[in-house]
Amino acid sequence: MDEAAPQKTKPSVRKRADAIRPFRCKNLIAVIEDPADIRNIGTVIRNVNALGVEKTYVVDPKGALPDDWQDLREKRSVFKTSASAVKWTFVKRFDSTEACLDHLERNRFVSVVTSPHVKGKTSLFLHEADFAADTKLAVWFGNESRGISALAVARSAMCVAIPMFGMVESLNLGTSSGIVLYEVTKQRRAYQSVYRLRKNRGKRAEPLPTVMPPDERAE
Ligand SMILES: C[S@@+](CC[C@H](N)C(=O)[O-])C[C@H]1O[C@@H](n2cnc3c(N)ncnc32)[C@H](O)[C@@H]1O
């Protein structure tokens, strides 16, 4: 059972939960750093759930979210904008960027930040980055106006940018998280389909499918 799934589930919901489980990207966390608009948290959670990311962490220094995950699920502004995805997604809040990074590093997660700008020692475009190289990966998204913090950049392995071709400086949080997490999950599902273990070990005799068979897709 999904750790975020409600206790009582209808058979159709259970069937769907079983069908999507093999496609979920293990050890992949999306981190939202100090979002100003609580509705953006719901939008990112929707992307996280839809694309098969395992968890969402929120750096919430202003205490906009309840500590308890069950209370968060009932928070209307998050529930509505997530299209109820918050019911199915594990969300954890942290008081500070430092506390979140400490927790991730203690659990051996490698962080990657996202920004429309060149930041840190290694800055790559989205399509150039290898998101399957690290077994445990946290992908960070920054504040709507300030962007990603210097601390998150300093403790990350790389900074990833979606190439921009317009007059605007950046994409919004919802759109950028959707694009980045699509690429990250696509790469990690491709890896998981071929290898059972890290560092290209445990090669499967037959690769697993990376997309749902037509009869299991939502109608
Ligand atoms: C509205 S943007 C923040 C803009 C801010 N002025 C800045 O300097 O980053 C909010 C977040 O969306 C993500 N983002 C937006 N556009 C992006 C792009 N082209 N490439 C990668 N991430 C992007 C980043 O995580 C960014 O911190």
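Here the structure is a predicted model, which means the values were calculated and not measured.

Draft legend 1. Layout of the overall build of the protein. What the protein contains, in helices and strands, is seven helices and seven strands. Reading the helices (α) and strands (β) of the protein from amino to carboxyl end gives α-β-α-β-α-α-β-α-β-β-β-α-β-α. With respect to the principal axes defined by its C-alpha atoms, the protein has extents near 45 × 40 × 40 Å. The buried share among the 219 residues of the protein stands at 36%. Partitioning the intrachain contacts of the protein with sequence separation of at least 6 by distance along the chain shows that 80% fall at a separation of at least 24.

Draft legend 2. The nonpolar core, seen in detail. In terms of nonpolar packing, the biggest core is built from 48 residues, with Ala 30, Val 31, Val 139 and Trp 140 touching the most fellow members. With six residues, strand S1 (residues 25–33) is the largest single contributor of residues to this core. When near neighbours in sequence (up to four residues on either side) are disregarded, Ala 30 contacts Val 44, Val 48, Val 53, Thr 56, Val 139, Phe 141, Ser 177 and Leu 181.

Draft legend 3. Structural view of the site of the ligand. What surrounds the ligand is a group of 19 residues, the closest being Pro 116, Gly 142, Gly 147, Ser 170 and Ser 176. Residues that form the shell around the ligand fall into these classes: eight nonpolar, nine polar and two charged.

Draft legend 4. Examining the pairing of strand S4 (residues 110–114) more closely. Most of S4 sits inside the fold, with four of its five residues counted as buried. Pairing between S4 and strand S6 (residues 137–141): four bridges, direction parallel. Each residue of the ladder has a partner; that of Val 112, found in S6, is Val 139. Summarising the sheet, S4 and strand S7 (residues 158–161) pair through three bridges and their orientation is parallel. For Thr 114, the partnering residue across the bridge sits in S7 and is Val 160.

Draft legend 5. Broad picture of the packing of helix H2 (residues 38–51) against helix H7 (residues 173–194). Close contact between H2 and H7 brings their axes to 9 Å; oriented N to C, the two are set at 20°. It follows that H2 is roughly parallel to H7 by the angle criterion. The chirality of how H2 crosses H7 is right-handed. Seen from H2, the contacting residues are Asn 40, Thr 43, Val 44, Asn 47, Val 48 and Leu 51; seen from H7, they are Leu 173, Gly 174, Ser 177, Gly 178, Leu 181, Tyr 182 and Thr 185. Looking at side-chain class alone, the contact of H2 with H7 contains six nonpolar, seven polar and no charged residues.

Draft legend 6. Seen up close, helix H5 (residues 97–106). Taken together, the buried positions of H5 are Thr 97, Cys 100, Leu 101 and Leu 104. Looking straight down H5, one finds that the buried residues subtend no more than 95° of arc, so they occupy a single side. In this structure, the buried side of H5 is in contact with S1, strand S2 (53–59), strand S3 (90–94), S4, S6 and helix H6 (150–154). In the segment just after H5, Arg 108 is the residue with positive phi, at about 65°.

About the thresholds
Residues numbered from 1 in each chain as written. Predicted model: local features only at pLDDT ≥ 70, side-chain atom pairs only at ≥ 80, totals over all residues. Helix = DSSP H or I, 4+ residues; strand = E, 2+ residues; numbered from the N terminus. Buried ≥ 20, exposed ≤ 12 C-beta atoms within 10 Å, placed from the backbone. Contact = placed C-beta atoms within 7 Å. Core = buried A, V, L, I, M, F, W, Y, C linked by C-beta atoms within 7 Å. Near = placed C-beta within 6 Å. Nonpolar A, V, L, I, M, F, W, Y, C, P; charged D, E, K, R; others polar. Pairing = 2+ DSSP bridges. Axes fitted to C-alpha atoms, helices over the stretch in contact; angles between N-to-C directions. Parallel < 35°, antiparallel > 145°, perpendicular 65-115°, else oblique. Left-handed = near helix turned anticlockwise from the far one by under 90°. Arc of directions from axis to C-beta.

These values are about where atoms sit, not about what they do.
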